[in-house]
Amino acid sequence: MEDRTPEVGAPDPASFYTGLVAELYRHLRSADPDPEPYARFVEVSGEPALELGCGDGDPLLDLRARGLDVEGLDASLDMVERCRRAAGDRGLDVVVHHASFESMDLGRRYRSIYLAGPTFNLLPDDETARRALERIRAHLEPGGSALVPLFVPEPVPPGDIGSSRQAVGPDGATMRVTVVSADRDVAERRQTTVLRYELVRDDEAQVVERPWLLHWFEQDRFARLAADAGLSVHAVLAPDGTAAAPDADTFVYWLGAPSR
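How each quantity is defined
- Residues numbered from 1 in each chain as written.
- Predicted model: local features only at pLDDT ≥ 70, side-chain atom pairs only at ≥ 80, totals over all residues.
- Heavy atoms only, no water.
- Phe/Tyr/Trp six-rings, centres within 6.5 Å; stacked < 30°, edge-to-face > 60°.
- Helix = DSSP H or I, 4+ residues; strand = E, 2+ residues; numbered from the N terminus.
- Buried < 20%, exposed > 50% of the residue type's maximum accessible area, 1.4 Å probe, protein only.
- Core = buried A, V, L, I, M, F, W, Y, C linked by side-chain atoms within 4.5 Å.
- Salt bridge = Lys/Arg side-chain N within 4 Å of Asp/Glu carboxyl O.
- Expected span 1.5 Å × (residues − 1).
- Arc of directions from axis to C-beta.
- Contact = heavy atoms within 4.5 Å.
- Pairing = 2+ DSSP bridges.
- Axes fitted to C-alpha atoms, helices over the stretch in contact; angles between N-to-C directions.

Draft legend 1. Up close: the packing of aromatic side chains. Scanning the model with the defined rule gives 11 aromatic pairs in all. Aromatic side chains Phe-120 and Phe-217 sit 6.0 Å apart centroid to centroid with 50° between the ring planes, which places their arrangement in the tilted category. Pair noted here: Phe-120 is in the loop between strand 5 (110-115) and helix 6 (126-139) and Phe-217 is in the loop between strand 10 (204-215) and helix 7 (219-228), with a separation of 97 residues, a long-range link. You'll find Phe-120 and Phe-217 in the same group, each marked buried. Centre to centre, the rings of Phe-217 and Phe-222 are 5.5 Å apart; their planes meet at 70°, and the pair counts as edge-to-face. Exposure remark for Phe-217: the relative accessible area of 1% places this residue in the buried category. The structure contains a cluster of three or more aromatic residues connected by ring pairs, namely Phe-120, Phe-217, Phe-222, Phe-251 and Tyr-253.

Dropping the structure here:
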């Protein structure tokens, strides 16, 4: 029996990571985030801290397990609820907010704000990114800092259309994500990949298809957006912590709020 629910429509991070996608996300992601760089960032920049796009709790809960004062935020209510359940399973106390980056209004400020991966690339356009940076600035204490990983996605090779990544759950269920199609608009700096998520258990299948949008920034463009939001650029780093090359496709912005 197949329950097939195609959901191709306007890409939206809050609605993408819901339902079946939220359930399968942890099992099908390409890699687990390493908590070490974010723990070091919080230790250097200071507490309290806020993890944006915390999803179902990686690496937020690892940082909480170390005793760091870190809260989380995600636009998907499904992910927020999964994160809270995972925290309870680990006996951890954690505050997780349900809000988008560009609309968050949490009523407090933080010494450190970070994204544990290039989740900022999910924002659909420069205007939304600018508003998100303004909200980050508004939530930083004077002299606080933010860590924003970014990347320029490679075009999806034609041979990858129809390719799948698969995992088997503890109950023997098969979980699968498949690339259905891809569209790249260089002028708008957008790439939309339609992904099919499947959960097959016994003779029943759940299937959804959703568009996954990535919007990218050149380094100088992102620096201008940050400056417009009142943030200064402390450093632009490569993944290994060294200075990023000006033409790098993967880089991390270390941003700072004015000291007063």
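Next comes the rest of the account.
Draft legend 2. The nonpolar core, seen in detail. Leu-52, Phe-120, Leu-133, Ile-136, Phe-222 and Leu-255 are the most contacted members of the largest nonpolar core, which totals 33 residues. Of all the secondary structure elements, the ones that give two or more residues to this core are strand 2 (49-52), strand 5, helix 6, strand 6 (140-151), helix 7 and strand 12 (250-256). Grouped together as the second largest cluster of nonpolar side chains are 21 residues, Cys-54, Leu-60, Leu-68 and Val-80 included.

Draft legend 3. Molecular detail of the pattern of salt bridges. Using the criterion set out here, one finds 18 salt bridges in the structure. A salt bridge links Glu-141 to Arg-111, with the shortest nitrogen-to-oxygen separation between them at 3.9 Å. Here Glu-141 is found in strand 6, whereas its partner Arg-111 is found in strand 5, with 30 residues between them in sequence. Overall, Glu-141 belongs to the partly exposed group, its relative accessible area being 23%. Judged by relative accessible area, which is 23%, Arg-111 ranks as partly exposed. Put simply, Glu-198 and Arg-176 hold a salt bridge, and the shortest N to O gap is 3.6 Å. On the criterion of sequence distance, the pair formed by Glu-198 in strand 9 (residues 190-201) and Arg-176 in strand 8 (residues 174-185) is long-range, its members being 22 residues apart. Among the charged side chains, a salt-bridge network with shared partners connects Arg-26, Arg-29, Asp-32, Asp-56 and Asp-58.

Draft legend 4. Structural context of helix 6. Helix length check: helix 6, at 14 residues, gives a terminal C-alpha distance of 20 Å against a target of 20 Å (1.5 Å per residue), a fit within 8%. Buried within helix 6 are the following residues: Asp-126, Thr-128, Ala-129, Ala-132, Leu-133, Ile-136 and His-139. Taken around the axis of helix 6, the buried residues stretch over an arc of 155°, which confines them to a single face. In this structure, the buried side of helix 6 is in contact with strand 2, strand 5, strand 6, strand 10, helix 7 and strand 12.

Draft legend 5. Fine view of the sheet that holds strand 3 (residues 70-74). In spatial order, the strands read 4-3-2-5-6-12-11; together these 7 strands make up an open sheet with mixed pairing. Among the strands making up the open sheet, the edge pair consists of strand 4 (96-98) and strand 11 (232-237). Across this sheet, the average inter-strand angle for adjacent strands is 20°, counted without regard to direction. Relative to strand 12, strand 6 runs antiparallel, the two sharing 7 bridges.

Draft legend 6. Quick look at unusual backbone geometry. Residue Glu-47 is joined to Pro-48 through a cis peptide bond whose omega torsion reads 5°. As for its placement among the helices and strands, Pro-48 is situated in the loop between helix 3 (36-45) and strand 2. Of the consecutive residues Asp-58 and Pro-59, the connecting peptide bond is found in the cis state with omega at 0°. You can see Pro-59 is positioned in the loop between strand 2 and helix 4 (60-65).

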